[in-house]
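Take a look at the letters that make up each chain.
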Amino acid sequence: MECFIISLKDCRFYAFHGVMAHESEAGNEFSINLSVEYPVISPLDDEMNNSLSYADLYEIAEREMMMSRKLLETVAYRIADTIRNRWTLVRSIEVEISKVNPPIPGITGSSTVRYHWNAE
């Protein structure tokens, strides 16, 4: 099957996710990478009804990021679940959420959760 993959890379959000109390109060910077695979329907008619909207995907990620959660796993799952319920033609989804400055001594990089869903 021929497929397209539409991706959003390094979408930045300031949000209030985390298990520790100060994370939900002070917040942190997060980065999201999102990829959605869907079948080629009619690539030559050049119409949006045969594609997914980058703006709609971003809006879904933004809406979920603004809801404070303890676990990034929950956020990633809800983003993917919203996408697959809105577009039934979607074949796979990958959501990667990174906490840019995790509150753990000694970590100079980010911490990341990745969720993958496949229709098969």
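Residues numbered from 1 in each chain as written. Predicted model: local features only at pLDDT ≥ 70, side-chain atom pairs only at ≥ 80, totals over all residues. Heavy atoms only, no water.

**Student:** Teacher, can you tell me more about the sheet that holds strand β2 (residues 28-39) here?
**Tutor:** Within a sheet, neighbouring strands are paired by backbone hydrogen bonds and run either parallel or antiparallel to one another. Pairing in this open sheet of 4 strands is antiparallel, and the strands run β1-β2-β3-β4 from one edge to the other. A single partner strand is all that each edge strand has here, and the edge strands are β1 (3-15) and β4 (111-118). The mean inter-strand angle of the sheet, taken between neighbouring strand axes irrespective of direction, is 10 degrees. In the sheet, β2 pairs with strand β3 (residues 92-99) via 8 bridges, with the strands oriented antiparallel. The partner of Ser35 across the bridge, within β3, is Glu94. Against the sheet, helix α3 (residues 72-86) makes contact with β2, β3 and β4, and its axis sits at roughly 150 degrees relative to β3, the strand it touches most. (Pairing = 2+ DSSP bridges. Helix = DSSP H or I, 4+ residues; strand = E, 2+ residues; numbered from the N terminus. Axes fitted to C-alpha atoms, helices over the stretch in contact; angles between N-to-C directions. Contact = heavy atoms within 4.5 Å.)

**Student:** Help me understand the layout of surface pockets in this model?
**Tutor:** The calculated volume of the largest pocket comes to roughly 160 Å³. If you trace the largest pocket, you find 15 residues lining it, with Glu23, Lys70, Leu72, Lys99 and Ser111 closest to the centre. Of all the secondary structure elements, the ones that give two or more residues to the lining of the largest pocket are α3 and β4. With 3 residues, β4 is the single largest residue contributor to the lining of the largest pocket. Here the residues of the lining of the largest pocket are counted per class, giving 8 nonpolar, 3 polar and 4 charged. (1 Å grid on protein atoms, 1.4 Å probe; cavity = no way out; pocket = protein on both sides within 12 Å on 5 of 7 lines; lining within 4 Å. Points joined across faces, edges and corners; volume = space filled by probe spheres on them. Nonpolar A, V, L, I, M, F, W, Y, C, P; charged D, E, K, R; others polar.)

**Student:** In this structure, what is going on with helix α2 (residues 54-65)? I would like to understand it.
**Tutor:** An α-helical turn contains 3.6 residues, so a residue and the one three or four places further along point in the same direction. Look at α2: 16 Å from first C-alpha to last across 12 residues, which is about the 16 Å you get at 1.5 Å a residue. Among the residues of α2, Leu57, Ile60, Ala61, Glu64 and Met65 are the ones counted as buried. The arc that holds every buried residue of α2, seen down its axis, measures 130 degrees, which confines them to one face. The backbone nitrogen of Ala55 lies 3.2 Å from a side-chain oxygen of the residue at the head of α2, namely Ser53. (Expected span 1.5 Å × (residues − 1). Buried < 20%, exposed > 50% of the residue type's maximum accessible area, 1.4 Å probe, protein only. Arc of directions from axis to C-beta. Polar contact = N/O pair within 3.5 Å; in protein donor to acceptor, adjacent residues only side chain to side chain.)

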